[in-house]
Amino acid sequence: MSDRPSRMTDTERDAALGTVSGWAYDAEEKAIRKTFQFADFSEAWGFMNRAALLAEKLDHHPEWFNVYNRVEVKMTTHDADGVTTLDFQMATAMDSFAA
């Protein structure tokens, strides 16, 4: 899709990482990652529901893994072969959903 953002430069990505809390870059996966911890499964599920609604709206979906109160998230833009502003838009939103 031509209207999708292009991959961020290393400098852009590193600067964007400074604007989100707890996210780290995984060079091997060309992705940003974070593990969220909640009080219980219901809280984790609520977080995932909110994130899923935004993901559908943006047509940009996380890779995630959930066990009980923990949600591990990986964000990358596959068609850009790396991290884009969409990944940081989702990361920022997920941080606010978890707050």
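Basis of the calculations
Residues numbered from 1 in each chain as written. Predicted model: local features only at pLDDT ≥ 70, side-chain atom pairs only at ≥ 80, totals over all residues. Heavy atoms only, no water. Pairing = 2+ DSSP bridges. Helix = DSSP H or I, 4+ residues; strand = E, 2+ residues; numbered from the N terminus. Axes fitted to C-alpha atoms, helices over the stretch in contact; angles between N-to-C directions. Buried < 20%, exposed > 50% of the residue type's maximum accessible area, 1.4 Å probe, protein only. Polar contact = N/O pair within 3.5 Å; in protein donor to acceptor, adjacent residues only side chain to side chain. Contact = heavy atoms within 4.5 Å. Salt bridge = Lys/Arg side-chain N within 4 Å of Asp/Glu carboxyl O. Core = buried A, V, L, I, M, F, W, Y, C linked by side-chain atoms within 4.5 Å.

A. Main features of the sheet that holds strand β3 (residues 63–67). Taken in spatial order, the 4 strands make up an open sheet running β1-β2-β4-β3, and their pairing is antiparallel. Each end of this open sheet is capped by a strand with a single partner; those strands are β1 (24–26) and β3. Geometrically, the sheet is characterised by an average inter-axis angle of 25° between neighbouring strands, direction not taken into account. Pairing between β1 and strand β2 (residues 31–37): 3 bridges, direction antiparallel. Paired with A24 across the two strands is R33, which belongs to β2.

B. Main features of the side chain of K34. With respect to the element layout, K34 can be found in strand β2. For K34, a relative accessible area of 15% gives the class buried. Within the local environment of K34, its side chain forms a polar contact with the side chain of D95, the two groups lying 2.7 Å apart. Discounting residues that sit within four places of it in the chain, K34 has contacts with S21, G22, W23, V71, E72, V73 and D95.

C. Fine view of the pattern of salt bridges. Under the criterion given, the structure shown has 9 salt bridges. Of the charged contacts, one joins D14 and R13 as a salt bridge, the two residues approaching to 3.2 Å between their closest N and O atoms. A network of salt bridges, in which partner residues are shared, links R7, K30 and D81.

D. Structural view of the nonpolar core. In terms of nonpolar packing, the biggest core is built from 25 residues, with W23, I32, F47, F88 and M94 touching the most fellow members. Counting only elements with at least two residues in this core, the list comes to α1 (10–17), β2, α2 (41–58), β4 (70–75) and α3 (85–98). Considering each element in turn, this core owes the most residues, 7 residues, to α2. Among residues more than four places away in sequence, those in contact with W23 are L17, I32, R33, K34, F36, V73, M75, A91, M94 and D95.

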